[in-house]
Structure formats: structure tokens, C-alpha cells
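# Descriptive structure summary
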Amino acid sequence: MYVISGARGSGKTYRLLELANETKGVVISSNPNAMREKARSWGFTEIADFVSPRDSVSYYFTKPLYIDNLEKFVQEALTSGSKLTAYTYTIEE
């Protein structure tokens, strides 16, 4: 598993899309249409699909998954009214 971290503007999304393109994966993003356009503008044309966090919970994926902004994904995937208050994060070495 890849963990892509860094400050805003450091290229995290570019790297995520690059990896998804290499494996013909699926990108989960809060704005799939904008992410699709961003990928296209950077020349990433092999990505299988772009879906929202809410839509992703009802899909069964056989392709590799790439999540843009994990915190936002979890919050949007939760039912309305639920609020993500804390989570753990482990970086495997």
C-alpha cells in the first residue's frame, strides 16, 4: 500500500493519479468529474473510473482503489448526521 502525504500543493494528487493510471485503477474523490478532468489534463488516460465516496460504498471493485483525501472520504461515506471525530493512522515500515 502506498501512503502519499505532504503539504498542500506538494504533488499528492498528481502521484495518486499517476499510480492509478499505471494500474488502471479506480479513483475515489469528492468531486469525480473535476478529478477526471484533472487526470486528463495531466495525460492520465488509463484510469478505469472516478467515483464519489458515497457511491463507492455500494460498489464492488475488482480493480485497485486510490482514495484522494482519506479523511474526506470517510466523512462523506458516513451516513448524514454522523461526524468523524477521531481516527488512527498507521504508517507501515
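For the structure, check the block above.
Residues numbered from 1 in each chain as written. Predicted model: local features only at pLDDT ≥ 70, side-chain atom pairs only at ≥ 80, totals over all residues. Heavy atoms only, no water.

## Here's the deal with the overall build of the protein chain
Along the protein chain, the regular secondary structure elements total four helices and three strands. Reading the helices (α) and strands (β) of the protein chain from amino to carboxyl end gives α-β-α-β-α-β-α. Compactness check: the protein chain gives a C-alpha radius of gyration of 13 Å against a globular reference of 12 Å for 93 residues, within 12% of the reference. Expressed along its principal axes, the backbone C-alpha trace of the protein chain runs to roughly 35 × 30 × 25 Å. Burial status across the protein chain gives 25% buried among its 93 residues. (Helix = DSSP H or I, 4+ residues; strand = E, 2+ residues; numbered from the N terminus. Rg over C-alpha atoms; globule rule 2.2 N^0.38 Å. Buried < 20%, exposed > 50% of the residue type's maximum accessible area, 1.4 Å probe, protein only.)

## A look at the sheet that holds strand β3 (residues 65-67)
Taking strand neighbours across the sheet as the criterion, the three strands line up as β2-β1-β3 in an open arrangement whose pairing is parallel. In this open sheet, the two strands that pair with only one neighbour each are β2 (49-51) and β3. Strand-to-strand twist across the sheet, computed as the mean angle between neighbouring axes with direction ignored, equals 20 degrees. (Pairing = 2+ DSSP bridges. Axes fitted to C-alpha atoms, helices over the stretch in contact; angles between N-to-C directions.)

## Side note on the pattern of salt bridges
Per the counting criterion, the structure on display carries four salt bridges. Salt-bridge contacts for D49 lead to R36; the nearest nitrogen and oxygen are separated by 3.8 Å. With D49 in strand β2 and R36 in helix α2 (residues 32-41), this residue pair connects regions lying 13 residues apart in the sequence. Accessibility expressed as a relative area gives 30% for D49, which makes it partly exposed. Of the charged contacts, one joins E37 and R40 as a salt bridge, the two residues approaching to 2.8 Å between their closest N and O atoms. On the criterion of helical spacing, the pair formed by E37 and R40 is a turn pair, its members being three residues apart in helix α2. (Salt bridge = Lys/Arg side-chain N within 4 Å of Asp/Glu carboxyl O.)

## Some words on the environment of Y87
The residue Y87 is located in the segment after α4 (70-77) in this model. By relative accessible area, which is 44% here, Y87 ends up partly exposed. With 13 residues separating them in the primary sequence, Y87 and V74 have C-alpha atoms 9.9 Å apart.

## Overview of the layout of surface pockets
In this approach a probe as big as a water molecule rolls over the atoms, and the regions it shows empty are the leftover space. Of the pockets and cavities examined, the largest pocket occupies roughly 970 Å³. Around the largest pocket, the lining is made up of 27 residues, and of these I4, I67, D68, N69 and L70 lie nearest the centre. Those elements giving two or more residues to the lining of the largest pocket turn out to be α1 (12-23), β3 and α4. Among the elements that take part in the lining of the largest pocket, α1 stands out by supplying five residues, more than any other. Residue composition of the lining of the largest pocket, grouped by class: 14 nonpolar, eight polar and five charged. Of the pockets and cavities examined, the second largest pocket occupies roughly 170 Å³. Lining the second largest pocket, in full, are T13, S29, S30, N31, A34, M35, K38, P53, D68, N69, K72 and F73. Every element with two or more residues in the lining of the second largest pocket is listed here: α2 and α4. When residues in the lining of the second largest pocket are grouped by element, the largest group, three residues, is from α2. (1 Å grid on protein atoms, 1.4 Å probe; cavity = no way out; pocket = protein on both sides within 12 Å on 5 of 7 lines; lining within 4 Å. Points joined across faces, edges and corners; volume = space filled by probe spheres on them. Nonpolar A, V, L, I, M, F, W, Y, C, P; charged D, E, K, R; others polar.)

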